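Residues per chain are reported as follows:
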Amino acid sequence: MAPNARKRKAATRDAPAESGSEEELANGLFDGILSHSEDESGVSPDEDAESEASSVIGGLSDEDDEEEDEEEAEEEGGNEADIREQLRNLKTTDHPSKRIVSDAILTNAHDSVTNGELDGQEDEDPKPNYTVAIDANGNPRYLYNEIDPVYDSDDSDAPATTNTIGNIPLSYYDKYPHIGYDINGRKIMRPAKGEALDALLDSIDIPKGWTGLTDPATGKPLNLSEEELDVLKKLTRNEIVEEGYDPYPEMVYYFSGKQEIMPLSAAPEPKRRFVPSKHEAKRVMKIVKAIREGRIQPYKPPGEEDDEEERIYYDVWADEKPRPENSMHLPAPKLPPPGYDASYHPPPEYLPDKAEKEAWLAADEEDREKDYLPANYDALRKVPGYERFVKERFERSLDLYLAPRVRRNKLNIDPESLLPKLPNPDDLKPFPTTCAAIFRGQQGRVRSVSIDPHGVFLASGGDDGFVRIWELLTGREVWQARLSDEDAVDTVKWRPDTECSILAAAAGETIYLVVPFTILSPDMEQHSRDVLDAGWGYAASKPSSTTNGAIKEPPGKWSRPGSSLEHKGVLVQVTVRSMVKVINWHRKGDYFATVSPRGQSTAVAIHTLSKHLTQLPFRRLKGIAQTAQFHPSKAIFFVATRNTIRSYDLAKQELVKILQPGAKWISSIDVHPGGDNIIVGTYDKRLLWHDLDLSTKPYKTLRFHQEAIRAVRFHQGGLPLFADASDDGSLQIFHGKVVGDLMENATIVPLKVLRGHKVKSRLGAMDVEWHPREPWCVSAGADGTCRLWN
Amino acid sequence: MELAAEQKVPIRLSTRDPSIQIAEETGVLLVQTSLNRLKLSALVNDLLHKDERRIPFDILINGKFLRATIDEFLTQNGISPETTLDVEYTRALVPPLNVRSFEHDDWVSAVDVLSQSSAAGVWSGAVQSGQERILSASYDGLLRVWDMSENVLATSQPPNNGGRITSLKTAKWIWDKKIVAAGLDSTVRVFKYDDDTRTITQALELYNHRWGVEDIAVHGPSNRILSASSDTTISLFSANAKDNPAAPSNLLPNSTAASNKRLKTSRSERTVPARGALTTLTGHSSPVSSVIFKPDDATVAYSTSHDHTLRTWDLPTSTCVDTRTTGHSLLSLAAMPKLNLLATGTSARHITLIDPRASATQIAVMTLRGHKNAVVSLDVDPSTEYNLLSGSHDGTAQIWDVRNVRPSTVVGEGQAGESVYTIFRQGAPHSHGHGEGLKVFSVRWDSEVGILSAGEDKRVQINRAIGA
């Protein structure tokens, strides 16, 4: 089988090369295949290869069939009959298997065979383009057509001899010296077999296209031609076999960016370019409808879950341990801001002149003041690149590497924290916080208040010239007397003695000593009267006289005030030379000091109650006296002028100390019950605490008031409290604890601001006085009221 | 929530008032914990079969007032709902309404009541219902006796004290026919009141004080009078002139020449016997503000003073038995006998309850806060032992219930409480701290008359809970 197949293959291979007669071969080949499949004895793998090859060739032969048909149509019907007869003759010689072939193929084969026969009759004329005519002798005459100069028309290079044995296995000729017949009926002789040496040489010198096969048609070694190799090569590369096919043709840019003068298409712009697309409108409406029906959400807020699902975060710092605040962080030192000369276009005065430029260039790099030379450029874009960039970066890195910044520990302490903590006012209770009673009923300002030593009654004196006594807790007025019609009562002060009840009040130049007997029991009244009356006649019995014998006007005139006042209980009056503003009792109640600021040399007077005697301790006083006070335990007398406070030893009659609070105008002072501290209120809004042992300067200055301070007062009953009254209508309560230890300073804590007095003609609270035992205080207001605070 | 609403707690109802005792034995009731005071009160009314005149009740659980639901009460006090609660019901304190006011010419410093149940009424035993008399002392120095329909039955004559101030600070019924009054002129006077002739005549002048008298206490059966004075002493007098020794001569109005002269110019025809004190109790260092007899023992007295102390006195020996020192000036005193407590009003705007027994370790058992100014008068509710009435200079009288308390945050104060009800002065529904023009000087609580308060507004005001 296999050699057969090879032979057939060889035959088919030749087919395209032949013209005219090869069509028969092709037909025959077809037939052969068909017949083969009929009496098939077995299937070999070669069959596939066969059929492949045949199909390729078949494709080609189909074309040939068409041509043949055309040619047949050209043939004259008369000739056909003869040719058929000849064919029948031939057929009888052919082997019988042909009969099975269908009629159509038979006829076809007939034609081709007849053609072949006719060809074969012509002497070695392979040209198919002829017609058979009968010449004058009756012999067929071949009239050749004009050769159409078309593709494939030239077959001049076709092999001269072709075996025309038909569809007969070559093995049939094994016994013969020839292997078939050519178209002219001559025997084709078996090609001579070369010697073994020749074969070897052949195998060594393999010519191009050598297959190692023997062409069955010729018996010569089958070599592939150049074109066939090409075809095979293309097949193996999966390329298109067709000749001249270019897989990469040159691109022709029909639509390019180039604006053609003449457009490729002269057609006007189509209308659809200008008409809204109906299709699009339809689609849009579809979407709109869907939105309306809610099938499409016009806007879907970005779903967080989706995002989270999509993104996976890795916590890089999950295992990070918290580090302490970086103590090694050193902020970079702040650079000075760039100046004008650092500008790319500096004002001309910043530009260096030639000498400067040369000097800069000549200087050593480290000696240069600036590390750049100011240069002028017209525009920012003309500024060239910075030539020292890399060097500078390098140096900077070098700096960081070689000279790390040093941490310098700076003492960073809040100065407030160094101060001792002030105690919480709540821990310093009790102190007055609210208004407990209002004493109303006076006309004009209340200038002074005083609480009696029992703490039951309150005396007040004011602009209306009245002295009033009130029940302290209830605010009930229980006694009153008008001391003066013209003058205001400037000051009232109870005598510090619980055995009797004497009130000193000053109106104008007169000091009145009052026993308000209607509120006293007869016993108390008698005691008080006894105290006041003890001095009568003392002054008269000892008249003071000067050296020249003339009776000197006494500094104070003691007398009875007259029956109308005496009925009220005003028993004694002392008239001095100028208006008395301040009365202060000595602790034992026998002496009291008065101050009349306008009285020049008679400004400060000390009165002795038991002797009805008035003395002027100072012959000449420096400055204007403001107030005077006895020391609570020693024989020391304090006198405050406008700027200074002097303390005098009354026993030794000498100046002890001069305090200089540094105030412009002292309004009032008060001595601490311990005697070592003085508070000073000033008209320049300050409250000063003086420690007598410490210095002549104030130990503490408290400046909390908006207006002048009129009065200051220590609590005399053992509570560490003091208060001041100011023109701004408020009282301020302070805690002022004095410790016996000399090493420790007094603690002063502001406790409470008591507001309530109205400010009238720029005067608020005029006076303040403490209860002798309780943490209660009373204030006198310019609004005509007194207030009790507890 | 559903479960909580369903939760029930066993309670046992009880009361101390026999008039509202539930007739049948109720035993242990199971009630929902969501009940509040109102519903429990309705429950008690149902049990009492009160259909028309329902009584509002206050509910006490373990001696504490129920203010919210039982549930909240249990939660707050940490009581298991499974334990049987002893629930006590009392007549609720009905807000007292202003029923009457007695106009005076001057500030009214003191007020007292003579009624069937008042101390003087009990002692005399001759007061008929409807014959209640109200005594008022005024700063104009006059005593006035009023009937309940605002009529002045009698006014005293101003005393002849030599031109001294006559303002009275305190006045009290000792019998139905005897009045004791004292004031700033440091004299304690005993007056006779005749209800038929409607006159007040001075019967006795008692001299022992050198300063004004702040308060007096009377004990009818023993005819004893205690007076507290600003001169830091307390004097014990007898209401009978003969029992007292002769008056100290230096305290008589005619002791000084000047006052003798004045006295002669204004001499009245009648002379009144003057007597001294049985004993003088000294010990206080500041004005004594208030004094009372021990309610069940007239030989013991309590006094409060501005020197922050409360002292217990044994009168037969006239010695100070016990001294309790507080932090503030004490201005008023009232005894709560059944609780063994003394209530004192302080200048620091609160009321301190003190256990005077020697065994008591705590100074202040309870502190009642709410006044804005000094508490100058106190009285107890005659019907229950728990209620307290206080009058303050801030112009209000306040009613307190000592059961309405909670532990105080301030150390040493015991428990702290708030007032149950505040009585403002008529026409002044607000109070200022300083209470100017509205200060209350004296309060009394009488079961028949109601709550009386006298003050700076020249009125005696009567408030009574309508329907209670």
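Bear in mind the structure is a predicted one, so any value in this text is a computation, not a measurement.

1. Observations regarding the overall build of chain B
Each helix and strand counted, chain B has five helices and 34 strands in total. Accessible surface, chain B as shown: approximately 18900 Å² in total, 49% of it carbon and sulfur.

2. Description of the confidence of the model for chain B
Residue and element names in this part refer to chain B. The pLDDT averaged across chain B works out to 84; a share of 93% of its residues lies at or above 70. Across chain B, element-level confidence peaks in strand β20 (residues 288-294) with a mean pLDDT of 93 and bottoms out in helix α1 (residues 2-6) with 50. Contacts for the low-pLDDT stretch residues 1-5, under 50 throughout, to residues beyond four places or in other chains number three contacts. For this predicted complex, the interface confidence reaches an ipTM of 0.87, while the overall pTM sits at 0.66.

3. Some remarks on the interface of chain A and chain B
At the interface, 35 residues of chain A touch 38 residues of chain B. Here chain A meets chain B over a buried area of about 3200 Å², counting both sides, of which 50% is carbon and sulfur. In this structure, the connection of chain A to chain B is made through six salt bridges. Linking chain A with chain B are 22 residue pairs in polar contact (both at pLDDT 80 or more), by the criterion used here. Among the secondary structure elements, those contributing two or more residues to the side of chain A that touches chain B are β7 (435-440) and α13 (522-533) of chain A. By residue number, the principal contributor to the side of chain A that touches chain B is α13(A), which donates seven residues.

4. What to know about the UniProt feature "repeat: WD" (unreviewed entry) in chain A
UniProt records the feature "repeat: WD" (unreviewed entry) for residues 439-480 and 768-790 of chain A in the present numbering. Between the C-alpha atoms that bound residues 768-790 of chain A the distance is 13 Å, and the span itself is 0% helix and 57% strand.

5. Let's talk about the pairing of strand β30 (residues 396-407) of chain B
Residue and element names in this part refer to chain B. With nine of twelve residues buried, β30 lies mostly within the body of the structure. Across five bridges, the pairing between strand β29 (residues 387-392) and β30 is antiparallel. In the sheet register, L389 faces β30, and the bridge partner there is I399. The turn linking β29 back onto β30 is made up of three residues, and G395 within it adopts a positive phi angle of 90°. The pairing of β30 with strand β31 (residues 415-424) spans eight bridges and is classified as antiparallel. Paired with V405 across the bridge in β31 is G417.

6. Quick notes on the nonpolar core
Core analysis: the largest hydrophobic core is formed by 44 residues, its most contacted members being A:I469, A:L483 and A:L513. Dropping the residues within four chain positions of it, A:L483 is found in contact with A:G465, A:V467, A:V489, A:A505, A:A507, A:Y512, A:L565 and A:V570. Core analysis: the second largest hydrophobic core is formed by 22 residues, B:I20, B:I22, B:I59 and B:I61 among them.

7. Overview of the packing of aromatic side chains
All names here are of chain A. Counting across every chain of the model gives 22 aromatic pairs over all chains. Ring centres of Y340 and Y350 lie 5.3 Å apart, and the angle between their planes is 35°; this geometry places the pair in the tilted category. Taken as a pair, Y340 in the loop between α9 (304-310) and α10 (354-362) and Y350 in the loop between α9 and α10 lie far apart in primary sequence, ten residues in all. In this structure Y350 comes out as partly exposed when scored by relative accessible area, which is 32%. Taken together, W689, F704, F714, F722 and F734 form an aromatic cluster joined through their ring pairs. Here the guanidinium or amino end of R529 rests over the ring plane of F517, the centre of that ring lying 5.7 Å away.

Calculation rules
- Residues numbered from 1 in each chain as written.
- Chains lettered and ligands numbered in written order.
- Predicted model: local features only at pLDDT ≥ 70, side-chain atom pairs only at ≥ 80, totals over all residues.
- Heavy atoms only, no water.
- Helix = DSSP H or I, 4+ residues; strand = E, 2+ residues; numbered from the N terminus.
- Areas by Shrake-Rupley, 256 points an atom, 1.4 Å probe, with all protein chains shown as cover.
- pLDDT = per-residue confidence, 0-100.
- Contact = heavy atoms within 4.5 Å.
- Buried area = accessible area lost by both parts, 1.4 Å probe.
- Salt bridge = Lys/Arg side-chain N within 4 Å of Asp/Glu carboxyl O.
- Polar contact = N/O pair within 3.5 Å; in protein donor to acceptor, adjacent residues only side chain to side chain.
- UniProt positions renumbered as here; feature names shortened; annotations may be inferred.
- Buried < 20%, exposed > 50% of the residue type's maximum accessible area, 1.4 Å probe, protein only.
- Pairing = 2+ DSSP bridges.
- Core = buried A, V, L, I, M, F, W, Y, C linked by side-chain atoms within 4.5 Å.
- Phe/Tyr/Trp six-rings, centres within 6.5 Å; stacked < 30°, edge-to-face > 60°.
- Lys NZ or Arg CZ within 6 Å of the ring centre and 35° of its normal.

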